[in-house]
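Commentary on secondary and tertiary structure
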Amino acid sequence: MSEHGAMLSETASRIFKDAGSSTAGEAEQAIREAGLADVMVREADGGFGGGFEDANRIFFAAGEHALEFPIAEAVMDAASKAQGWNADKKFYAMALARAGQIAGAISTSLTLSVEYTRQRQQFGKPLASFQAIQQQLAVLAEEAAASRAAASAAARAADRGEATFEIASAKLRANMAAGQAASIAHQVHGAIGFTKEYDLQKFTRRLWAWRSEYGNDRHWADAIGKLAASRGADGFWPGLTSGFAA
């Protein structure tokens, strides 16, 4: 990650963490004063001048902290207005935003799961010492890495130009990871994971919601299938390696 990207991620993470103990109005004010909502608006128009990759860092941090403020909508509304996007463009942009948020929420779900299984004792030993738990945590770590990589790759592709295939793939992969991650996190936590007092439910509730928003599994699987079929047998591999760009 570049120094610029690291600074943006750190700023977003700090503000979103503080938002958890602030009122909704205070959180929104801090986010807007920092310019995070205008990350994709040109500097000449008073924005940050960033692209999808910069926005994805913000969305990941929002997912990590289960941010209540609708940051994805704020960012994409501002970008859409500034750049004159049509409805399809905005839909794909929001799907990419949800993929980034899902990746962030899975990352924190993994952290919580690892910490809990290290602390929780069963038969005189930490849960994390049991092979079955270790295997579940390994799968959860895989889902966290896969969803983040897919969202990051799609954001980079969107900054280069046409990224229909990459965004469809990222949202589908994130959707699949969301279900698997939420299931594993609650399995290793047991009943405590569903309680209001414990933080896990804040992340898994969002995972369940975000996987259905801006295209569920079937929607994006159909979209990818249509893109592949449009190239025919001879064009499938070239299309796959080029992202099925028009």
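Attention in this report is confined to the structure presented alongside it. The model shown is predicted, which means the values in this text are computed figures rather than measured ones. (Residues numbered from 1 in each chain as written. Predicted model: local features only at pLDDT ≥ 70, side-chain atom pairs only at ≥ 80, totals over all residues. Heavy atoms only, no water.)

Below, the discussion takes up unusual backbone geometry. Of note, the phi angle at Phe-123 is positive, near 55°, even though the residue is not glycine. Position of Phe-123 relative to the elements: it lies in the loop between strand S1 (121-122) and strand S2 (125-126). Phi at Tyr-214 is positive, roughly 55°, even though this residue is not glycine. In this structure, Tyr-214 sits in the loop between helix H8 (200-210) and helix H9 (217-242). (Helix = DSSP H or I, 4+ residues; strand = E, 2+ residues; numbered from the N terminus.)

For the rest of this paragraph, the subject is the nonpolar core. Within the largest apolar cluster, 75 residues are counted, with the highest numbers of intra-cluster contacts made by Phe-16, Leu-36, Met-40, Phe-52, Ile-71 and Met-76. The element best represented in this core is helix H7 (residues 164-189), accounting for 13 residues. Look past the residues within four positions of Ile-71 in its chain and what remains in contact with it is Phe-16, Ile-31, Leu-36, Ala-37, Ile-58, Phe-59, Ala-62 and Gln-101. (Core = buried A, V, L, I, M, F, W, Y, C linked by side-chain atoms within 4.5 Å. Buried < 20%, exposed > 50% of the residue type's maximum accessible area, 1.4 Å probe, protein only. Contact = heavy atoms within 4.5 Å.)

Another point: the environment of Ser-129. Positionally, Ser-129 belongs in the loop between S2 and helix H6 (131-160). Here Ser-129 falls in the partly exposed class, since its relative accessible area comes to 35%. A distance of 2.6 Å separates a polar atom in the side chain of Ser-129 from the backbone oxygen of Pro-126. (Polar contact = N/O pair within 3.5 Å; in protein donor to acceptor, adjacent residues only side chain to side chain.)

Glancing now at H7. If you check H7, its first and last C-alpha atoms are 37 Å apart, about what 26 residues at 1.5 Å a residue would give, namely 38 Å. Just downstream of H7 lies Gly-190, where phi reads positive at about 75°. (Expected span 1.5 Å × (residues − 1).)

Here we come to the packing of aromatic side chains. Under the counting rule described, the total for this entry stands at six aromatic pairs. The interplanar angle of 70° and the centroid separation of 6.3 Å between the aromatic rings of Tyr-116 and Tyr-198 together place this pair among those described as edge-to-face. Linking Tyr-116 in helix H5 (residues 87-119) with Tyr-198 in the loop between H7 and H8, this pair joins segments that are 82 residues apart in sequence. For the pair shown, Tyr-116 and Tyr-198 are each scored as buried. Among the aromatic residues, those joined into a ring-pair cluster are Phe-91, Tyr-92, Tyr-214 and Trp-220. If you follow Arg-148 out to its NZ or CZ, it ends over the ring of Phe-60, 3.8 Å from the centre. (Phe/Tyr/Trp six-rings, centres within 6.5 Å; stacked < 30°, edge-to-face > 60°. Lys NZ or Arg CZ within 6 Å of the ring centre and 35° of its normal.)

Turning next to the packing of H5 against H6. The geometry of a pair of packed helices is captured by two quantities: the angle between their axes and the separation between those axes. Running from N to C, H5 and H6 cross one another at 155°; their axes reach a closest spacing of 9 Å. By the angle class used here, H5 and H6 are roughly antiparallel. Handedness of the crossing formed by H5 with H6: left-handed. Here Leu-96, Ala-99, Gly-100, Ala-103, Ile-106, Ser-109, Leu-110, Ser-113, Val-114 and Thr-117 of H5 lie close against H6, whose contacting residues are Ile-133, Leu-137, Leu-140, Ala-141, Glu-143, Ala-144, Ser-147, Arg-148, Ala-151, Ala-154, Ala-155 and Ala-158. Along the lines of polarity and charge, the residues of the contact of H5 with H6 split into 15 nonpolar, five polar and two charged. (Axes fitted to C-alpha atoms, helices over the stretch in contact; angles between N-to-C directions. Parallel < 35°, antiparallel > 145°, perpendicular 65-115°, else oblique. Left-handed = near helix turned anticlockwise from the far one by under 90°. Nonpolar A, V, L, I, M, F, W, Y, C, P; charged D, E, K, R; others polar.)

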